[in-house]
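So you can see what is in the structure, the chains are spelled out below.
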Amino acid sequence: MRKLFIAGNWKMNKNVKESVSLAKSLINRLKDVQDKDVVVCPAFTALSQVYEEVKDSNVKVGAQNMSFEDEGAYTGEISPRMLKDFCEYVILGHSERRQYFGEDDEIVNKKVKKALEHGLKPILCIGETLEERDGDKTFDIIESQLKKSLKNMDKNDMKKIIIAYEPIWAIGTGKTATPEQAEEVHVFIRKVIKKSYGDEIASELRILYGGSVKPDNVKTLMEKEDIDGALVGGASLDAESFSGIVDF
Ligand code: 13P
């Protein structure tokens, strides 16, 4: 039985004060939630104070990105060693990183390995563009992203990885994938993982859906057998809507 996992990706929003205030409101609203893992992913600058705010609650902290190096002369980068002070999770390979900052599957693969080496649990994002979907390339793209980003992972690594399917055309657009469209891809992802890692790992793997998840569409998505949670952008920036999503 896979426990539902709901994560809020705050992206490049909120200063420290705003982040702490949102975290405060969330722990209060979500204090009775036991049946789901709840994670917030603030900007790097707010990680420390959000962590202090939530550390005794059922809300966990994740980062939105990470360097694939441990330390050294990499101006502007944040290493897994630094994140470990505050984070249990780290989002890797988000399409915005791929699209605007040139991250490809090889870089993402290095990051996933490095995160695991430091005991951080990766939330690995994959997803197709609208053009790829319209050209019937969705499954090819998903399979290739999975194979390349998960290169050289063993079964033990796979147990710690969460996959987020985020169709790029559904991110921030208000155009959610239908539960059927999402489920079809989730089933495919599980099949690809099963082929390489076997039935047990595949059936334990949590696969999240991301892309315009809102309080009013979360339920029908989560009812699907292979959708094990959500990675929420815009709607995670407001305590009422994010707790509405968690508590659907
Ligand atoms: P939206 O929920 O704003 O579409 O963003 C989804 C996302 O990119 C989460 O990582």
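Novice: Got a minute to help me understand the overall build of the protein chain in this structure?
Specialist: Counting its secondary structure elements, the protein chain contains twelve helices and eight strands. Along the first, second and third principal axes, the C-alpha atoms of the protein chain reach 45 × 45 × 35 Å. Within the protein chain, residue pairs in contact and separated by at least 24 positions form 72% of the contacts whose partners lie at least 6 positions apart.

Novice: I keep staring at the layout of surface pockets and nothing clicks. Help me out?
Specialist: One water molecule sets the probe size; rolling that probe over the atoms shows where empty space is left. If you add up the space inside the largest pocket, you get close to 480 Å³. Along the walls of the largest pocket sit 20 residues, with Lys-11, Met-12, Gln-64, Asn-65 and Arg-97 positioned nearest its centre. When contributions to the lining of the largest pocket are tallied by element, the ones reaching two or more residues are helix H2 (44-54) and helix H4 (95-101). In terms of residues, the lining of the largest pocket owes the most to one element, H4, which gives four residues. A breakdown of the residues in the lining of the largest pocket according to their chemical character gives nine nonpolar, seven polar and four charged. Taken as a whole, the second largest pocket encloses approximately 200 Å³ of empty space. If you trace the second largest pocket, you find 14 residues lining it, with Lys-159, Ile-161, Glu-204, Leu-205 and Arg-206 closest to the centre.

Novice: Teacher, can you tell me more about the pairing of strand E1 (residues 4-9) here?
Specialist: Where a strand is regular, its side chains alternate between the two sheet faces. The buried count for E1 comes to six of six residues, which makes it a mostly enclosed element. Once the chain exits E1 it traverses helix H1 (residues 16-29) before rejoining the sheet at strand E2 (residues 36-41), and the crossover so formed is right-handed. In terms of strand pairing, E1 meets strand E8 (residues 229-232) through four bridges, oriented parallel. Among the inter-strand pairings, Ile-6 is bridged to a residue of E8, identified as Ala-230.

Novice: Teacher, can you tell me more about H1 here?
Specialist: Three- or four-residue spacings in an α-helix give side chains the same orientation, since the helix completes a turn every 3.6 residues. Its 14 residues give H1 an end-to-end C-alpha distance of 20 Å, which sits within 8% of 20 Å, the value for a rise of 1.5 Å per residue. For H1, every residue scored as buried is listed here: Ser-19, Val-20, Leu-22, Ala-23, Leu-26 and Ile-27. Buried residues along H1 cover an arc of 165 degrees about the axis, so they all sit on one side. Buried positions along H1 lie against E2, H2, strand E3 (59-63) and helix H12 (239-246).

Novice: I keep staring at the sheet that holds strand E7 (residues 207-210) and nothing clicks. Help me out?
Specialist: With parallel pairing, eight strands are arranged side by side around a closed barrel as E1-E2-E3-E4-E5-E6-E7-E8. Each adjacent strand pair in this sheet contributes to an overall mean axis angle of 25 degrees, direction not counted. Where strand E5 (residues 121-126) meets strand E6 (residues 162-165), four bridges bridge the pair, whose relative direction is parallel. Bridging from a neighbouring strand, Cys-125 pairs with Ala-164 of E6. Relative to E3, H2 is tilted by about 165 degrees, and along the sheet it contacts E2 and E3. In the packing of helix H7 (residues 138-149) onto the sheet, contacts are made with E5 and E6, and the angle to E5 comes to roughly 150 degrees.

Novice: Looking at this structure, how should I read the site of the ligand?
Specialist: Close to the ligand lie 13 residues, the nearest being Lys-11, His-94, Gly-172, Ser-212 and Gly-234. Note that an oxygen atom of the ligand is positioned 2.8 Å from one of the side-chain N or O atoms of His-94. In the model, an oxygen atom of the ligand is placed 2.9 Å from a nitrogen or oxygen of the Glu-166 side chain. Look at the ligand: alone it shows 310 Å² of surface, and the protein chains cover 97% of it. Taken together, the residues that form the shell around the ligand break down as four nonpolar, seven polar and two charged.

Novice: Hey, could you run me through the pairing of strand E4 (residues 89-92) in this one?
Specialist: Burial along E4 is two-sided: Tyr-89 and Ile-91 and Val-90 and Leu-92, pointing in opposite directions, are all buried. As judged from the two bridges shared by E3 and E4, these two strands associate in the parallel manner. Directly across from Ala-63, in E4, lies its bridge partner Val-90. Judged from the four bridges that link them, E4 and E5 form a sheet pairing that is parallel. Bridge pairing in E5 links Tyr-89 to Lys-121.

Novice: Is there a simple way to think about the packing of aromatic side chains in this case?
Specialist: When we look at a pair of aromatic rings, we describe it by the centre distance and by the angle of the planes. Counted under the stated rule, the structure contains five aromatic pairs. Geometrically, the ring pair formed by Phe-5 and Tyr-89 is edge-to-face, given 5.1 Å between the ring centres and 75 degrees between the ring planes. A residue pair is termed long-range when its members are at least 10 positions apart, and Phe-5 in strand E1 and Tyr-89 in strand E4 qualify at 84 residues. We note that Phe-5, like Tyr-89, is buried.

Cut-offs applied
Residues numbered from 1 in each chain as written. Predicted model: local features only at pLDDT ≥ 70, side-chain atom pairs only at ≥ 80, totals over all residues. Heavy atoms only, no water. Helix = DSSP H or I, 4+ residues; strand = E, 2+ residues; numbered from the N terminus. Contact = heavy atoms within 4.5 Å. 1 Å grid on protein atoms, 1.4 Å probe; cavity = no way out; pocket = protein on both sides within 12 Å on 5 of 7 lines; lining within 4 Å. Points joined across faces, edges and corners; volume = space filled by probe spheres on them. Nonpolar A, V, L, I, M, F, W, Y, C, P; charged D, E, K, R; others polar. Buried < 20%, exposed > 50% of the residue type's maximum accessible area, 1.4 Å probe, protein only. Right-handed = clockwise from strand over helix to strand, strands pointing away. Pairing = 2+ DSSP bridges. Expected span 1.5 Å × (residues − 1). Arc of directions from axis to C-beta. Axes fitted to C-alpha atoms, helices over the stretch in contact; angles between N-to-C directions. Near = heavy atom within 4 Å. Polar contact = N/O pair within 3.5 Å; in protein donor to acceptor, adjacent residues only side chain to side chain. Areas by Shrake-Rupley, 256 points an atom, 1.4 Å probe, with all protein chains shown as cover. Phe/Tyr/Trp six-rings, centres within 6.5 Å; stacked < 30°, edge-to-face > 60°.

Interpretation in functional terms is not warranted from these geometric data alone.
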